[in-house]
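One letter stands for each residue in the lines below.
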Amino acid sequence: MGNQTILIIVMISYLSLLILWGVYQGRKVKTGQDFAIAGRRLPGWVAALSERATGESSWALLGLPGAAYAMGLTEIWTAAGCVAGIIAAWAFLAWRLRDEAEKYNVTTFTGFIAARHGETGRMLRMISSLVIVFFFFFYVGAQFLGGGKTLHTLFGIKPWEGAILTAAIIVPYTVYGGFRSVVYTDVIQGILMIIILVAGPIAGMIYLSDHPELYATGISEALSKAGSSYASLRGTASGFGAGLLIAGGFSWFFGYLGGQPQLSVRFMSIRDARQAKKARNIGIAWTIVAYAGALMIGWIGLAMFGPSGLSDPEYVMPSVMLKLFHPVLAGIMITGAIAAMVSTADSLLILSATELTENVMKKKETGDEEKAPVFTLRHHRITTALLAVVALGLSYISPSDLIFTIVSYVWAGIGCTFSVVVLLTLFWKRYHGRAAIITVVAGMLFTIFWISGGFEQNYRITMEKVQTLIDRDVIAMEESQTLLVLEGERFVNLSRFESAIKEKAGFSGNDGRLQVVSSAFMHKGVPARLTTFFFSLIAAVLATFLVKPAPKPASLP
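Conventions used here
- Residues numbered from 1 in each chain as written.
- Predicted model: local features only at pLDDT ≥ 70, side-chain atom pairs only at ≥ 80, totals over all residues.
- Heavy atoms only, no water.
- Helix = DSSP H or I, 4+ residues; strand = E, 2+ residues; numbered from the N terminus.
- Rg over C-alpha atoms; globule rule 2.2 N^0.38 Å.
- Buried < 20%, exposed > 50% of the residue type's maximum accessible area, 1.4 Å probe, protein only.
- Contact = heavy atoms within 4.5 Å.
- Areas by Shrake-Rupley, 256 points an atom, 1.4 Å probe, with all protein chains shown as cover.
- Lys, Arg positive; Asp, Glu negative; His and termini not counted.
- Charge placed at Lys NZ, Arg CZ, Asp CG, Glu CD.
- Axes fitted to C-alpha atoms, helices over the stretch in contact; angles between N-to-C directions.
- Left-handed = near helix turned anticlockwise from the far one by under 90°.
- Nonpolar A, V, L, I, M, F, W, Y, C, P; charged D, E, K, R; others polar.
- Salt bridge = Lys/Arg side-chain N within 4 Å of Asp/Glu carboxyl O.
- 1 Å grid on protein atoms, 1.4 Å probe; cavity = no way out; pocket = protein on both sides within 12 Å on 5 of 7 lines; lining within 4 Å.
- Points joined across faces, edges and corners; volume = space filled by probe spheres on them.
- Patch = residues over 30% accessible without salt bridge, like charges linked within 9 Å, V, L, I, M, F, W, Y side chains within 5 Å.
- Core = buried A, V, L, I, M, F, W, Y, C linked by side-chain atoms within 4.5 Å.
- Arc of directions from axis to C-beta.
- Pairing = 2+ DSSP bridges.
- Polar contact = N/O pair within 3.5 Å; in protein donor to acceptor, adjacent residues only side chain to side chain.
- Phe/Tyr/Trp six-rings, centres within 6.5 Å; stacked < 30°, edge-to-face > 60°.
- Lys NZ or Arg CZ within 6 Å of the ring centre and 35° of its normal.
- Disulfide = S-S within 2.5 Å.

A. Structural detail: the overall build of the protein chain. Regarding its fold elements, the protein chain presents 23 helices and three strands. For the protein chain, whose C-alpha radius of gyration is 24 Å, the value lies close to the compact-globule estimate of 24 Å for 557 residues. In terms of overall dimensions, the protein chain has C-alpha extents of about 75 × 60 × 40 Å along its principal axes. By residue count, 57% of the 557 residues in the protein chain fall in the buried class. Summarising the internal contacts of the protein chain: among those between residues at least 6 apart in sequence, 82% fall at separations of at least 24. Accessible surface for the protein chain amounts to roughly 23,500 Å². Of this, 63% is attributable to carbon and sulfur atoms. Separation of charge centres in the protein chain, based on 45 positive and 35 negative side chains, amounts to 12 Å.

As structure tokens, this is what we get:
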């Protein structure tokens, strides 16, 4: 039996059990509050594992190991920013958000913000919900596309068929059991992820020492042999460039400070203060161990395959696992990476549906106290199903470049903007509802301006980079002359740049060199995560002092 057949059997078995587990947990959902936030009765260990599985998704298993494999030690700055942000969130924000959710009896992220700014709560909630739902529509679609791409790479099925399969996995238990089903399936993912990120590095270090024929017999040797850029915390950068590299990696910190709704709602769902402390300890410990393991897997892959041994760096984890473990065990671990992607998709889906149902579409109560919970639950389920269909449809009819461009706005525009709103709402009494509205609008508009203007990342052809491609035998001398026609032009997005390359240099859409050539001319600017956070913070402070708060209703203290 071949490895691919074993992988298919393992994947079908694992995902089938995952669906059954989600449906089983959904049987306990009786009301809209159960569907939206599990009745705010989650044990601490469940909330912690769910938050970590949702927060990391395929990033911890595919993205970060791939970046460590491709970049070497410089990826430590990204890991440090993420770990610092997660620790800060669990230590200083999680228990506060839990207490606030209980105090105001809210079931959604924007419901909490609105409750704290009651004088303008309705407008703030509506604007915030519409912004989140709009961007998360595309975010869910991107997860479907990502699942389709992964299944296409592993098994050769069409990406669109893979996207449908991804949706078919998550939609049944998400529609049936809502937040509870999503959270308890996340727990399985969180446990499997930490097993992979602990067992992989341990087995990898033993394997390297026992196989001297490999590229290197240890991580230090691999980093040294791969080149000075791999073994340096600054890569090839120096001076201001080195500072920009460090700031860019650490800027991930700002998105974790309460501004990611799919993570904050898990803080809000914890049962009590005692469970919140347990969740904090588990969440922090999981994060430190997982990030160390993810970096090590990338560097172990470098020692096994060398810097040019893999066509796609993000598949370093599956490649390493297949080397280290029996195909069945490796299949479970690789399936875990796909399932981690699924865990993010279902979390985004349920968050979007809840925000839409509770804050945009919700009508006044019917007055029938016995039937109201049933009607609310049915409303949640219908909305979730419809949203899944729309997200899947958008992923099919919209160009993938457009979808992933919109998703690129999420971490800065949603995460960093709402981090400012949450922090000031919790820690600055003078901050008011009108200032919060201005913060949300200003942060989103600035993010769109910064990314679409090419200030975070752009593409420019230079003679130096062209010569590098010639030396590496990626392009011929004749092709270099046609590329240099574009020298001096600045392209703000990848699709426009690749279109120009195809037109001028004659590269086809199926040419495997296109990705290599386009990535060679990418120029990094200042990350939108960093600039959006500080721009939103400045806008929030100015609005607080310059804009008069709305008068409080008589019913509010």
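B. Seen up close, the packing of helix H9 (residues 219-226) against helix H13 (residues 273-305). Axis separation between H9 and H13 bottoms out at 8 Å; the angle between their running directions is 65°. Of the two possible hands of crossing, H9 and H13 adopt the one that is left-handed. Mapping the contact onto sequence places Ile219, Ala222, Leu223 and Ala226 in H9 and Met296, Trp299, Ile300, Leu302 and Ala303 in H13. Partitioned by chemical class, the residues of the contact of H9 with H13 number nine nonpolar, no polar and no charged.

C. Geometry of the pattern of salt bridges. For the structure shown, the criterion picks out seven salt bridges. A salt bridge links Asp99 to Arg98; the shortest N-O distance between them is 2.9 Å. Across the pair Arg98 and Glu102 runs a salt bridge, and its minimum N-O distance is 3.0 Å. Placement of both Arg98 and Glu102 in helix H5 (residues 76-104) is noted, with a separation of four residues, approximately one turn of the helix. Judged by relative accessible area, which is 5%, Arg98 ranks as buried.

D. View of empty space enclosed by the protein. In this structure the tally under the stated criterion is three cavities of 30 Å³ or more. The computed volume of the largest cavity comes to approximately 50 Å³. Together, Glu51, Ile86, Ala89, Gly255, Tyr256, Gly258, Gly259, Gln260, Leu263, Ser264 and Phe267 line the largest cavity. Those elements giving two or more residues to the lining of the largest cavity turn out to be H5 and helix H12 (261-268).

E. Inspection of a nonpolar patch on the surface at higher detail. Together, Ile538, Val541, Leu542, Phe545 and Leu546 make up an exposed nonpolar region whose accessible area comes to about 500 Å². By relative accessible area, which is 30% here, Val541 ends up partly exposed.

F. Local environment of the nonpolar core. Ranked by size, the top nonpolar core spans 153 residues in total, and within it Trp90, Phe135, Phe136, Met321 and Ile414 carry the most contacts. The greatest single-element share of this core, amounting to 17 residues, is contributed by helix H8 (residues 159-210). If sequence neighbours within four positions are ignored, Ile414 has contacts with Val131, Ile132, Phe135, Phe136, Gly259, Pro261, Tyr409, Ser419 and Met444. Listed in part, the 18 residues of the second largest apolar core include Val466, Leu469, Leu486 and Phe491.

G. Molecular detail of H9. All of the buried residues in H9 are Ile219, Ala222, Leu223 and Ala226. The buried residues of H9 occupy an angular sector of 95° when the element is viewed end-on, so they sit on one face. For H9, exposure combined with an orientation more than 90 degrees from the buried face picks out Ser220 and Ser224. Contact partners of the buried residues in H9: H8, helix H10 (228-231) and H13. A positive backbone phi angle near 130° is found at Gly227, which sits one or two residues after H9.

H. The sheet that holds strand S2 (residues 490-491), seen in detail. Taken together, the three strands give an open sheet; going across it, the order is S2-S1-S3, and neighbouring strands pair in antiparallel fashion. In this open sheet, the two edge strands, each paired with only one partner strand, are S2 and strand S3 (522-524). Pairing of strand S1 (residues 457-460) with S3, which is carried by three bridges, proceeds in the antiparallel orientation. What sits directly across from Asn458, in S3, is His523.

I. A look at helix H6 (residues 109-116). Taken across its eight residues, H6 has six buried, putting it largely inside the fold. Along H6, the positions that sit buried rather than exposed are Phe109, Thr110, Gly111, Phe112, Ile113 and Ala114. N-cap assignment for H6: the residue whose side-chain oxygen lies 2.9 Å from the backbone N of Gly111 is Thr108.

J. Here's a closer look at the pairing of S1. Across two bridges, S1 lies against S2 in antiparallel orientation. Counterpart to Arg460 in the pairing with S2 is Arg490.

K. Layout of the packing of aromatic side chains. Tallied over the full model, the rule gives 24 aromatic pairs. Ring geometry for Phe446 against Phe449: centres 6.2 Å apart, planes inclined by 50°, an arrangement best described as tilted. Of this pair, Phe446 and Phe449 both sit in helix H18 (residues 433-452), three residues apart, which is roughly one turn of that helix. The class of Phe449 is partly exposed, set by a relative accessible area of 46%. Here the guanidinium or amino end of Lys225 rests over the ring plane of Tyr215, the centre of that ring lying 4.6 Å away.

L. Focus on the environment of Trp21. You can see Trp21 is positioned in helix H1 (residues 3-26). Judged by its relative accessible area of 31%, Trp21 is partly exposed. Sequence-wise, Trp21 and Gly283 are 262 residues apart; in three dimensions their C-alpha atoms are separated by 23 Å. Ignoring any residue separated from it by four or fewer positions in sequence, one finds Trp21 in contact with Tyr184, Thr185 and Ile188.

M. Representation of the side chain of Arg180 in the model. Relative to the helices and strands, Arg180 is located in helix H8. Although Arg180 lies buried, it forms no salt bridge, and the closest oppositely charged side chain, Asp34, sits 7.0 Å away as judged by the N-O distance. In terms of polar contacts, Arg180 uses its side chain to reach the side chain of Gln25, at 3.2 Å. In this structure, Arg180 is in contact with Gln25, Lys28, Val29, Asp34 and Ala38, ignoring residues within four places of it in sequence.

N. Main features of the state of the cysteines. Applying the stated criterion to the full structure yields zero disulfides. Left unpaired, Cys82 is separated from the closest cysteine sulfur, that of Cys416, by 11 Å.

O. Focus on the environment of Thr150. With respect to the secondary-structure elements, Thr150 resides in helix H7 (residues 121-155). For Thr150, a relative accessible area of 7% corresponds to the buried category. Sequence separation between Thr150 and Met341 is 191 residues; the distance between their C-alpha atoms is 9.8 Å. Apart from the residues within four sequence positions on either side, Thr150 is in contact with Tyr315, Ile338 and Met341.

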